[in-house]
Amino acid sequence: MWAAILEWFGKRKGNRVCSESVAIDDTGVRRVLADGSVEAVQWDELESVEIVTTDAGPFQQDVFWVLAAGDHGCIVSGEFGGRILDHASRFAGWDHEAVIRAMGSTDHARFAVWDRARSGLRGI
C-alpha cells in the first residue's frame, strides 16, 4: 500500500502538489487538486498517518502529511498540520515525538505518526 502512495506522491512533486482547496473537519480531510481530481479520507476509516519531509525547504514546501485508508488516501502540505493535529492527535497511540522529529527534519525522510493496527483501535 505505501509503495503505491509514495509512488503517487513522487508524481505529484512540484507544482502538481498544489491544491485548489483543502477541507479538514470532524468527518475527515478532503483535498481538491488544481486539475480537479479529489483525494479524501474520513477519520473513522483512517489506517495510518505519516509525515514525509524533503530537503526542498525552507523556500519550498518540504513537509507533507500522508493520510492512508486502504487503497486511497490524501496527501496534504505541512501548512495544514495544525488542523490535522487538532483532529487526529487524540487517537490512541499517536506519536507526538515523531511529529516533533519530522518538523525538525531537513532531509528526505518518512515518520510514522500513527497506525490503527498498532493503536489497538477498531474504530475512531
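Described below are features of the structure shown in this document.

Rules behind the numbers
Residue numbers run consecutively from 1 along every chain, following the written order of its sequence. The predicted nature of this model means local features are confined to residues of pLDDT at least 70 and side-chain atom pairs, given and counted, to a pLDDT of 80 or more, with totals for whole chains, interfaces and linings taken over all residues. Only hydrogens and water are set aside; all other atoms, that is, all heavy atoms of the structure, feed into the side-chain values. Aromatic contacts are taken between Phe, Tyr and Trp rings whose centres are within 6.5 Å, Trp giving its six-membered ring; a plane angle under 30 degrees counts as stacked, one over 60 as edge-to-face, and the others as tilted. Numbered from the N terminus, helices here are DSSP runs of H or I no shorter than four residues, and strands are runs of E no shorter than two. Relative accessible area decides the class of each residue, using a 1.4 Å probe on protein chains only: under 20% of the type maximum gives buried, over 50% gives exposed, and in between gives partly exposed. Note on pairing: two strands pair once DSSP finds at least 2 bridges between them. Within this document, salt bridges are pairs made up of a side-chain nitrogen of Lys or Arg and a carboxyl oxygen of Asp or Glu, the two lying within 4 Å of each other. Whenever a nitrogen or oxygen atom comes within 3.5 Å of another N or O atom, the pair is scored as a polar contact, on the condition that within protein one atom can donate a hydrogen and the other can accept it, and that pairs from neighbouring residues in sequence are kept only if both atoms are in side chains. Here a residue-residue contact requires only that any non-hydrogen atoms of the pair lie within 4.5 Å.

Thoughts on the packing of aromatic side chains
Part 1 of the reasoning: Scanning the entire structure with this criterion turns up three aromatic pairs.
Part 2 of the reasoning: Centre to centre, the rings of Trp-65 and Trp-94 are 6.4 Å apart; their planes meet at 15 degrees, and the pair counts as stacked. Of this pair, Trp-65 sits in strand β5 (residues 63–69) while Trp-94 sits in the loop between α2 (81–88) and α3 (96–103), and the two are 29 residues apart along the sequence. The pair Trp-65 / Trp-94 is uniform in exposure class, with both members buried.

With respect to the pairing of strand β6 (residues 72–77)
Part 1 of the reasoning: Bridge count for β5 against β6 is six bridges, and the pairing is antiparallel. Each bridged residue has a counterpart across the sheet, and for Val-66 the counterpart in β6 is Ile-75.
Part 2 of the reasoning: In sequence, β5 turns back onto β6 through a hairpin of two residues, with Gly-70 there showing a positive phi of about 60 degrees.

Points about the pattern of salt bridges
Part 1 of the reasoning: Counted according to the given criterion, the structure contains two salt bridges.
Part 2 of the reasoning: The closest approach of N and O atoms between Arg-31 and Glu-39, which form a salt bridge, is 3.1 Å. Of the two residues, Arg-31 and Glu-39, neither departs from the other in class, the shared state being buried.

Points about the side chain of Thr-53
Part 1 of the reasoning: Its location among the elements puts Thr-53 in strand β4 (residues 48–53).
Part 2 of the reasoning: You can call Thr-53 buried: its relative accessible area is 1%.
Part 3 of the reasoning: For Thr-53, the side chain forms a polar contact with the side chain of Ser-105, separated by 3.0 Å.
Part 4 of the reasoning: Look past the residues within four positions of Thr-53 in its chain and what remains in contact with it is Asp-62, Val-63, Ala-102, Ser-105, Asp-107, His-108, Ala-109 and Phe-111.

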